[in-house]
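# A look at the structure
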Amino acid sequence: MEQQHNSHTPTDRKTSSRRKFTVYTFLAVGSVVLLSALLFFFCTDSFINTFLKGRITEAFREAYPAYGIRIGGIQYNIRENRIGFDSVALTAVDSTLSCTIDAYSMSGIGWLELLWARGLVPSGFTGTVLDARGIVFTFPRQQYELRCRLLRVSVPDSEIVVDALGLHPLGDDEQFFAGSKFRRTRFRIAVPTASVTGLACLELLQGKMYRARSAHIRDAFVDVLINKDKPAALDTSSPPMPNEILALIEQPIEVDSLNIWNAALKYGERFAPRSKPAVITLDSMQVSAQGINNRGNAGDTVVIRAQGEFMKSAEVNILMSIPISSHGFSLRYSGSLSRINLNALNPFVEPAEQIRIKSGSLQAGSFDINVTAGQASGGVRAVYKNLTLAAINKRTGSEKGVFNVIASFVANNIKIRRNNMPGKSMKIGTVKYTRQRDDPFFRFVWFALRSGVGDVVGF
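The residue numbering used here restarts from 1 in each chain and proceeds along that chain's sequence as written. Only residues with pLDDT of 70 or above have their local features reported here, since the model is predicted, and side-chain atom pairs are shown and tallied only from 80 upward, although totals for entire chains, interfaces and linings are computed over all residues. Derived side-chain values reflect all non-hydrogen atoms in the structure, with water molecules and hydrogen atoms excluded from consideration.

## Details of the overall build of the protein chain
Formally: Elements are defined by DSSP. Helices are runs of H or I of four residues or more, strands are runs of E of two residues or more, and each kind is numbered from the N terminus. Exposure categories follow from relative accessible area, calculated using a 1.4 Å probe and restricted to protein chains: below 20% of the type maximum is buried, above 50% is exposed, and the middle band is partly exposed. Residue contacts are defined here by distance: any two heavy atoms, one from each residue, within 4.5 Å place the two residues in contact. Here the open area of atoms and residues is found with the Shrake-Rupley method and a 1.4 Å probe, where only the protein chains shown may cover a residue.
Of the regular secondary structure elements, the protein chain holds 10 helices and 20 strands. The proportion of buried residues among the 459 residues of the protein chain is 36%. In the protein chain, once contacts between residues fewer than 6 apart in sequence are set aside, the share between residues at least 24 apart is 59%. Just so you have it, the protein chain exposes about 26500 Å², and 59% of that area is on carbon and sulfur atoms.

Here it is as structure tokens:
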């Protein structure tokens with residue numbers, strides 16, 4: 001009996017050995033997997049920076065050989081499903097562009113969907129939120145820098161938020177204009193806050209179209225300055241107009257409405273280096289635009305309405321319609337100006353015309369201008385009284401001197417119409433202006449209007 005109880009056949013011993021081997025193998029594999037999981041969970045950053053950062057950099061360079069990239073430390077938070085980069089630096093090989101980002105993160109990425117699809121699929125980004133801070137783009141050839149303190153893109157909220165966006169030259173105005181022997185237009189733009197809502201993020205990710213319900217901008221400031229002391233370049237293309245800019249974008253664009261609150265515009269023309277420019281200002285502007293798209297039918301227009309303060313002295317209202325499908329530069333704009341003391345225009349007319357408005361008031365003004373293929377026509381109606389002018393020295397601004405006195409006498413007694421009040425023969429000023437090759441949008445709109453004002457007054 002004992003012999004029979006303690007005996008084991010060779011087959012039993014082989015089966016027992018296999019079972020032990022299997023158990024030990026599973027234990028070993030399980031231990032390795034568990035240890036790897038623990039190491040990955042607690043040492044994720046080290047793993048990513050050691051093994052993945054180099055691969056990410058190399059993959060980017062292979063996909064975009066015209067650019068170089070440097071990535072700082074990378075962190076991954078498993079609980080929050082968030083990957084972050086301490087810094088990112090991007091540089092074009094031809095030195096036309098450089099970009100730095102102080103901090104960059106993405107959260108809510110559907111890694112399983114991406115792995116299952118073996119590629120970038122929209123379903124993997126339905127919960128994604130992107131945050132970028134301290135963004136700086138530098139354009140050395142154009143002498144500009146673009147900065148943004150915060151850019152946030154939320155796919156779940158269908159929203160983009162921008163904080164402290166600014167565009168400015170790399171140096172001061174003198175350095176900027178000295179960079180070319182021809183005339184240039186300098187821009188400074190500051191947008192403290194802006195947002196886009198109702199954004200079709202997944203369509204944007206796929207590159208199909210840019211579609212949004214509305215865009216909002218607050219407290220924006222645009223400063224435009226032209227150095228007219230230099231000649232216009234003969235071999236440069238004309239600055240693109242709004243409809244031309246839309247037409248250049250290949251993907252379809254649809255924005256139902258754009259709203260701008262409390263904006264300011266400063267337009268200036270400089271006639272000598274370091275001289276005081278001629279300036280026109282618009283403040284406290286409320287602007288709305290509807291129907292912004294670049295795939296409209298014939299007859300579709302972008303309608304822009306604006307209201308604000310002209311030269312800090314009068315209320316101005318403007319209505320503008322820009323055809324979407326127009327191949328040439330065409331638009332129609334009209335508006336009105338409330339009562340204003342005309343010497344409020346001296347910041348522009350003194351440097352630009354060497355004329356000082358001594359007295360006079362505008363009782364009411366209106367305009368209606370049509371532009372077809374860069375040709376502006378229409379009319380300006382201004383009701384004013386007691387207009388007197390003085391010619392001034394171009395360099396000193398003085399009204400004294402024989403020639404200035406003679407010019408002032410001629411202007412006040414021969415050339416200008418000092419009064420244009422109701423009940424008298426009222427002249428409607430004729431707008432006649434052809435777009436110059438180097439005219440940007442704001443200058444063209446102002447010069448066309450100014451041609452009609454000059455015809456009303458008589459200079």
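## Regarding the packing of aromatic side chains
The cut-off we apply is this: Any Phe, Tyr or Trp ring, taking Trp's six-membered ring, that has another such ring centre within 6.5 Å forms a pair; planes under 30 degrees apart are called stacked, those over 60 apart edge-to-face, and the others tilted. Whether a charge lies above a ring is judged from NZ of Lys or CZ of Arg, which has to be within 6 Å of the ring centre and within 35 degrees of the ring normal.
Applying the stated criterion to the full structure yields 11 aromatic pairs. Here the aromatic rings of Y433 and F444 are separated by 5.7 Å at their centres, their planes lie at 55 degrees, and the arrangement is tilted. Pair noted here: Y433 is in strand β20 (residues 429-434) and F444 is in helix α10 (residues 441-457), with a separation of 11 residues, a long-range link. Classification of Y433 by relative accessible area gives buried; the value is 14%. The rings of F329, Y433, F441, F442, F444 and F447 are connected pair by pair, giving a single aromatic cluster. We note R184 situated over the ring of F176; from NZ or CZ to the ring centre the distance is 3.9 Å. Directly above the ring of W261 sits R218, whose terminal nitrogen or CZ lies 4.3 Å from the centroid.

## Thoughts on the pattern of salt bridges
Put simply, the rule reads: The rule for a salt bridge is simple: a side-chain nitrogen of Lys or Arg has to be within 4 Å of a carboxyl oxygen of Asp or Glu.
All told, the structure shown has 15 salt bridges when counted by the stated rule. A salt bridge links R186 to D173; its shortest N-O distance comes to 2.9 Å. Of this pair, R186 sits in strand β9 (residues 185-197) while D173 is found in helix α5 (residues 173-178), placing the two residues 13 residues apart along the sequence. When its relative accessible area of 3% is taken as the criterion, R186 is described as buried. The shortest N-O distance in the salt bridge between E350 and R356 comes to 2.7 Å. Take E350: its relative accessible area is 21%, and that puts it in the partly exposed class. One salt-bridge network, in which partners are shared between bridges, spans D173, R186, R188 and D223.

## Comments concerning the environment of E353
Counted only if it meets this: By the criterion applied in these results, polar contacts are pairs of N or O atoms within 3.5 Å in which, for protein atoms, one can donate a hydrogen and the other can accept it, and in which residues neighboring in sequence qualify only through two side-chain atoms.
Considering the arrangement of structural elements, one finds E353 in helix α8 (residues 346-353). Residues E353 and K394 lie 41 residues apart in sequence; the distance between their C-alpha atoms is 8.7 Å. Only 3.4 Å separates the side chain of E353 from the side chain of R450, close enough to count as a polar contact.

## Focus: the environment of Y384
Among the structural elements, Y384 can be located in strand β19 (residues 375-391). The spacing of Y384 and L342 is 42 residues in sequence and 8.9 Å in space, taken between C-alpha atoms.

## Section: the side chain of E145
One can find E145 in strand β7 (residues 144-154). Classification of E145 as buried rests on a relative accessible area of 12%. In this structure the side chain of E145 is engaged in a polar contact, spanning 2.7 Å, whose partner is the side chain of R147. Those residues in contact with E145, other than ones at most four positions away along the chain, are V136, F137, T138, G166, L167, H168 and L170.

## Quick word on α8
Those residues of α8 that sit buried are N346, F348, V349, P351 and A352. Contacts from the buried residues of α8 go to β12 (253-270), β13 (278-293), β18 (355-372) and α10. Q354 lies just past α8 and shows a positive phi near 55 degrees.

## A word on unusual backbone geometry
A positive phi is found at R274, a non-glycine position, where the angle reads about 60 degrees. As for its placement among the helices and strands, R274 is situated in the loop between β12 and β13. R274 sits in the exposed class, given a relative accessible area of 69%. For A373, which is not a glycine, the phi torsion comes out positive at approximately 50 degrees.

## Some points on the pairing of β20
Applicable threshold: Should DSSP find at least two bridges between two strands, the strands are taken to pair.
Going residue by residue along β20, you find G429, V431 and Y433 tucked away on one face and T430, K432 and T434 left uncovered on the opposite face. Pairing geometry for β19 and β20, over 6 bridges, is antiparallel. Each bridged residue has a counterpart across the sheet, and for V380 the counterpart in β20 is G429.

## Concerning the side chain of N227
Considering the arrangement of structural elements, one finds N227 in strand β11 (residues 221-227). With residues up to four places along the chain from it excluded, the contact list for N227 reads F177, F182, R183, R184 and R270.

## Some words on α10
Threshold: Each residue after the first adds 1.5 Å to the expected span of a helix.
The end-to-end C-alpha distance of α10, which contains 17 residues, comes to 25 Å, matching closely the 24 Å that a straight helix rising 1.5 Å per residue would cover. Of all 17 residues in α10, 12 are buried; the element is thus mostly enclosed. Regarding α10, the residues found buried are F441, R443, F444, V445, W446, F447, A448, L449, G452, G454, V456 and V457.

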